Amino acid sequence: DAKTTQPPSMDCAEGRAANLPCNHSTISGNEYVYWYRQIHSQGPQYIIHGLKNNETNEMASLIITEDRKSSTLILPHATLRDTAVYYCIVTSGGSNYKLTFGKGTLLTVNP
Amino acid sequence: GAVVSQHPSRVICKSGTSVKIECRSLDFQATTMFWYRQFPKKSLMLMATSNEGSKATYEQGVEKDKFLINHASLTLSTLTVTSAHPEDSSFYICSARVDPNTEAFFGQGTRLTVV
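Residues numbered from 1 in each chain as written. Chains lettered and ligands numbered in written order. Predicted model: local features only at pLDDT ≥ 70, side-chain atom pairs only at ≥ 80, totals over all residues. Heavy atoms only, no water.

A short note on the interface of chain A and chain B
Here's step 1: Counting from both sides, the interface comprises 18 residues of chain A and, opposite them, 20 residues of chain B.
Here's step 2: Buried area between chain A and chain B, summed over both chains or domains, comes out near 1,400 Å², and the portion from carbon and sulfur atoms is 55%.
Here's step 3: Where chain A packs against chain B, one counts one salt bridge.
Here's step 4: Note that B:E59 and A:K98 form a salt bridge whose closest N and O atoms lie 3.2 Å from each other.
Here's step 5: Inspection of the chain A/chain B interface yields six residue pairs in polar contact (both at pLDDT 80 or more). (Contact = heavy atoms within 4.5 Å. Buried area = accessible area lost by both parts, 1.4 Å probe. Salt bridge = Lys/Arg side-chain N within 4 Å of Asp/Glu carboxyl O. Polar contact = N/O pair within 3.5 Å; in protein donor to acceptor, adjacent residues only side chain to side chain.)

Considering the sheet that holds strand 1 (residues 4-7) of chain B
Residue and element names in this part refer to chain B.
Here's step 1: Strand order in this open sheet of four strands is 1-3-8-7, and the pairing throughout is antiparallel. Each edge of the open sheet carries a strand with a single partner, namely strand 1 and strand 7 (67-73). Strand-to-strand, the axes of this sheet are offset by a mean angle of 15°, without reference to chain direction.
Here's step 2: Here strand 1 pairs with strand 3 (residues 19-25) via four bridges, running antiparallel. Paired with H7 across the two strands is E22, which belongs to strand 3. (Pairing = 2+ DSSP bridges. Helix = DSSP H or I, 4+ residues; strand = E, 2+ residues; numbered from the N terminus. Axes fitted to C-alpha atoms, helices over the stretch in contact; angles between N-to-C directions.)

Observations regarding the environment of B:T78
Residues and elements named next belong to chain B.
Here's step 1: Structurally, the position occupied by T78 is in strand 8 (residues 76-81).
Here's step 2: Taking the relative accessible area as the measure of exposure, T78 reaches 11% and is therefore buried.
Here's step 3: C-alpha of T78 to C-alpha of E52: the two residues are 26 residues apart in sequence and 11 Å apart in space.
Here's step 4: If sequence neighbours within four positions are ignored, T78 has contacts with K20, I21, E22, W35, L68, I69 and N70. (Buried < 20%, exposed > 50% of the residue type's maximum accessible area, 1.4 Å probe, protein only.)

Quick word on the nonpolar core
For soluble globular proteins, nonpolar side chains are generally found buried alongside one another.
Here's step 1: Counting residues in each nonpolar core, the largest one holds 42 residues, and the members touching the most others are A:Y36, A:L99, A:F101, B:Y36, B:F67, B:F106 and B:L112.
Here's step 2: Residue contributions to this core peak at five residues, all from strand 9 (residues 90-97) of chain B.
Here's step 3: Counting residues in each nonpolar core, the second largest holds 21 residues, with A:V33, A:L73, A:A78 and A:L107 among its members. (Core = buried A, V, L, I, M, F, W, Y, C linked by side-chain atoms within 4.5 Å.)

Looking at the state of the cysteines
Here's step 1: For the structure shown, the criterion picks out two disulfides over all chains.
Here's step 2: Each disulfide pairs two cysteine sulfurs, and for B:C23 the partner residue is B:C94, the sulfurs being separated by 2.0 Å. Sign of the S-S torsion, about 80° for the bond between B:C23 and B:C94, identifies this disulfide as right-handed. Of this pair, B:C23 sits in strand 3 while B:C94 is found in strand 9, placing the two residues 71 residues apart along the sequence. This pair shows no difference in class: B:C23 is buried, exactly as B:C94 is.
Here's step 3: Left unpaired, A:C12 is separated from the closest cysteine sulfur, that of A:C22, by 18 Å.
Here's step 4: Just so you know, B:C13 is unpaired, no disulfide at all, and the nearest cysteine sulfur is the one on B:C94, 18 Å from it.
Here's step 5: Its relative accessible area of 8% is what places B:C13 among the buried residues. (Disulfide = S-S within 2.5 Å.)

Written out as structure tokens, the structure reads:
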């Protein structure tokens, strides 16, 4: 699976949009980009995933560049409860699906 | 999203004893389940992948005789830590997915402390 690079930490003001970047320059054509987050001492929570098109759900939006070498997770109106470690993971689908967690980005939402 | 439940959420055991952790998919049938371990201030490390009715596939460096995984049904997988030692103290997390084309959902984790 392709390796991902994320900034170790970011800050965001409550009510503002949080934009979390992820580089995955070695991604291959059949690999998806997944985003999970982990609030302290809990299991990870699925946020969103995509292959090449931008995706949006009730939690967030995922913007994938045209060359697919990077992506951005957008939380449109961050709240204090969004403070967590956010993981960007690249993996194939099907039987080769495997979520390998890197260090992620610690997003701190400030009041 | 789908619900994955782990039990117990916390367990303390004596060194040398075995501990079983259960992972259940509550509202879906999970063809594949994954077990992770997380040490303090570290990221999750995949231990093994299990498919219902077949033997688990362990990651390199994970002792299969020490961490016994059973995926006997489409809604239940168990992880047994045998002959536990203090260095096995960790946060154990399972995840499950319905089929190869869906995302995985995670349990709330089990905090194991070996004394």
